[in-house]
Amino acid sequence: MKSFQKIFITCAVCSLTLLGMNMANALTLSDVPSDYWAQGAIIESIEQNYLDVKGTNFYPDVPVTRAEFANAVYNLIQRIPVDSPKEFSDVTYTTPYSKSILTLHQLQIVFGYPDGSFKPDEKMKRSEASSVIANIIKSDFWDSSVLNRFQDKDDVPNWAILSYINNTINDVYVNYPEENMLYPNEYLTRAQTAVLMVKLRYAIDAYKAAYMPSDSSLEDVSAKEEAYVPVFVGTNTLNEFEHSYNKTINLYDNKKVILAGNIVPVRSLQKVDARTVQEGEILTYVSPKDVVSTEGTLLYSQGTKFIAYVDKVEKSYWRKKQHKAYIVFNRAVLTDGTEFPIAGVLYATYDGDVVLEKQKNSRKIEKDAKKQYSKRNHALYFANRKLVPVLKYQEKGKDNLFMLITGDMIIPQASSL
């Protein structure tokens, strides 16, 4: 992100300077004089369809509504609209900018109120706008001292502090009319919205420039961006297994990332007998259900395949029923054929269920698991955790088991999940 910041600062300074020079004559607004502080950003926002103009008036000092702000962001990021069922009690298909609101809500960029409403006609506060911006562009480091230069930093609501830190680091904020003030609880004007949209656009462009790999197979720049460059849109949670160590999912506009430490259900498609299975043998598992985040985002569909191999077979020369096979996942295939690499291990006990060390009714299994697993290759387990993987010696076909994701599972955008 540091390289992103350097590029962004250069791009932003150059671009915003050119705005005042090259766009001033492109459009004449009766209520935005040439020396108006945000004139260049306003003109660009109109030309890029972020904000509209009524006749020859822009009404720069009028507060923007929540619906208008959502529509500006939607037009900027240019995502395919969703034909979503009603998400908010006060947003219908006839509500102005309803598709913008519903699409951004699905992307976890905008949210409603606890009572289920969105309040599309309410005026947008600066702190609320800051939260939306932070759901699109994120930093990989946090330094609260960046807010020290603002005299009213203590006026920032607790729920918005992280967004202000993030946006200040990325220079996607407005501190007009006074440089040392944020005015987080004041309403955001249309002029300030225009400045935010322009800054956000250059922030996204700079992010792409900083992280786009050099790939000679993709000569077209737009093709590179489409293939490689994600825009962060928010987080979800996954709760398929109560004792998962990590329940976080990062959502981007072109991929979903289930972070390492999550646990998901899998179903065996074959019988595995540790007495006869061979190391290196390829095995196939499937998802027994649609896996959906707590917030309702479909991550992948029932029937998604997970390809694994037998990493190690540990034989017991005293009791054959204590043979154990260690299964490692390395590939997934979505229902539309999209294939991508994964990293995970199969977790089951003698009864086909996950056993935690702390469970009192599994002391014998726990003791055996600790003894047998203490010297295992560290790649086979999630370091420093209490969940112990011990595959029963015989796995019946169609058994419902679990996979611990040991490396972030990056699910690419696909026509069907």
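This is a predicted model, so every value here is computed, not measured.

How each quantity is defined
Residues numbered from 1 in each chain as written. Predicted model: local features only at pLDDT ≥ 70, side-chain atom pairs only at ≥ 80, totals over all residues. Heavy atoms only, no water. Helix = DSSP H or I, 4+ residues; strand = E, 2+ residues; numbered from the N terminus. Contact = heavy atoms within 4.5 Å. Areas by Shrake-Rupley, 256 points an atom, 1.4 Å probe, with all protein chains shown as cover. Pairing = 2+ DSSP bridges. Axes fitted to C-alpha atoms, helices over the stretch in contact; angles between N-to-C directions. Parallel < 35°, antiparallel > 145°, perpendicular 65-115°, else oblique. Left-handed = near helix turned anticlockwise from the far one by under 90°. Nonpolar A, V, L, I, M, F, W, Y, C, P; charged D, E, K, R; others polar. Salt bridge = Lys/Arg side-chain N within 4 Å of Asp/Glu carboxyl O. Buried < 20%, exposed > 50% of the residue type's maximum accessible area, 1.4 Å probe, protein only. Polar contact = N/O pair within 3.5 Å; in protein donor to acceptor, adjacent residues only side chain to side chain. pLDDT = per-residue confidence, 0-100.

### Looking at the overall build of the protein
Logical step 1: Tallying secondary structure elements over the protein gives nine helices and 14 strands in all.
Logical step 2: Sequence separation of at least 24 residues holds for 66% of the intrachain contacts in the protein that already meet a minimum separation of 6.
Logical step 3: Per element, the accessible surface of the protein, about 20,700 Å² overall, is 49% carbon and sulfur.

### Points about the sheet that holds strand β3 (residues 255-258)
Strands pair in a sheet through their backbones, by hydrogen bonds, and they do so in one of two ways: parallel or antiparallel.
Logical step 1: Strand order in the open sheet formed by four strands is β1-β2-β3-β14, with antiparallel pairing between adjacent strands. Of all the strands in the sheet, just β1 (232-237) and β14 (409-412) have a single pairing partner and so form its edges. Along the sheet, successive strands turn relative to each other by an average axial angle of 20°, direction set aside.
Logical step 2: Here four bridges tie β3 to β14, and the two strands are oriented antiparallel to one another. The partner of valine 257 across the bridge, within β14, is isoleucine 410.

### Some words on unusual backbone geometry
Excluding glycine, a negative phi dihedral is what most residues carry, and trans is how most peptide bonds are arranged.
Logical step 1: Cis rather than trans, the peptide bond between tyrosine 176 and proline 177 has omega equal to 10°.
Logical step 2: Locating proline 177 in the fold gives a position in the loop between α6 (161-169) and α7 (190-211).
Logical step 3: In this structure, asparagine 49 is a non-glycine residue whose phi angle is positive, near 70°.
Logical step 4: Checked against the element boundaries, asparagine 49 lands in the loop between α2 (39-47) and α3 (66-77).
Logical step 5: Here tyrosine 183, not a glycine, exhibits a phi torsion of approximately 50°, which is positive.

### Focus: the packing of helix α5 (residues 126-134) against α6
Logical step 1: Between α5 and α6, the least distance of the axes is 8 Å, while the angle of their chain directions is 65°. Our classification of the angle between α5 and α6 gives roughly perpendicular. Our pair here, α5 against α6, has a crossing hand that is left-handed. Counting all contacts with α5, which are made through Arg126, Ser127, Ser130, Ser131, Ile133 and Ala134, the residues of α6 involved are Ser163, Tyr164, Asn166 and Asn167.
Logical step 2: When its residues are assigned to classes, the contact of α5 with α6 shows three nonpolar, six polar and one charged.

### With respect to the pattern of salt bridges
Logical step 1: In the structure shown here, the tally under the stated rule is eight salt bridges.
Logical step 2: Measuring nitrogen to oxygen at the nearest pair gives 3.8 Å for the salt bridge that ties aspartate 52 to lysine 54.
Logical step 3: Given the relative accessible area of 44%, lysine 54 is considered partly exposed.
Logical step 4: Lysine 119 serves as the salt-bridge partner of aspartate 115, at 3.6 Å between the closest nitrogen and oxygen.
Logical step 5: Beyond isolated ion pairs, a larger network of salt bridges with shared partners links Asp52, Lys54 and Arg190.

### Here we look at α5
Logical step 1: Taking burial as the measure, the nine residues of α5 include eight buried ones, the bulk of the element.
Logical step 2: Among all positions of α5, only Arg126, Ser127, Glu128, Ala129, Ser130, Val132, Ile133 and Ala134 are buried.

### Some points on α2
Logical step 1: Judged by how many residues are buried, α2 sits mostly within the fold: eight of nine residues are covered.
Logical step 2: Three or more residues of α2 are buried, namely Gln39, Gly40, Ala41, Ile42, Ile43, Glu44, Ser45 and Ile46.
Logical step 3: Just downstream of α2 lies asparagine 49, where phi reads positive at about 70°.

### As for the side chain of asparagine 262
Logical step 1: Note on placement: asparagine 262 falls in the loop between β3 and β4 (263-268).
Logical step 2: At 3.2 Å, the side chain of asparagine 262 and the backbone oxygen of threonine 248 are in polar contact.

### A look at the confidence of the model for the protein
Logical step 1: Looking at the protein, the pLDDT average stands at 76 and 70% of residues meet or exceed 70.
Logical step 2: Below pLDDT 50 for its whole length, residues 211-218 participates in 14 contacts with residues either more than four positions away or in separate chains.
Logical step 3: Segment residues 224-229: pLDDT under 50, and 18 contacts once partners within four positions in sequence are set aside and those in other chains are kept.

### Thoughts on the side chain of asparagine 250
Logical step 1: The topology assignment puts asparagine 250 in strand β2 (residues 248-252).
Logical step 2: If we ignore the near neighbours within four places in the chain, the residues touching asparagine 250 are Phe232, Gly234, Thr235, Lys255, Lys256, Val257 and Leu259.

### Looking at the packing of α3 against helix α4 (residues 98-106)
Logical step 1: Between α3 and α4, the least distance of the axes is 8 Å, while the angle of their chain directions is 70°. The orientation of α3 relative to α4 falls into the category roughly perpendicular. Taken as a pair, α3 and α4 cross one another with a handedness that is left-handed. Between α3, through Ala67, Ala70, Asn71, Val73, Tyr74 and Ile77, and α4, the contact on the second element is made entirely by Ser100, Ile101, Thr103 and Leu104.

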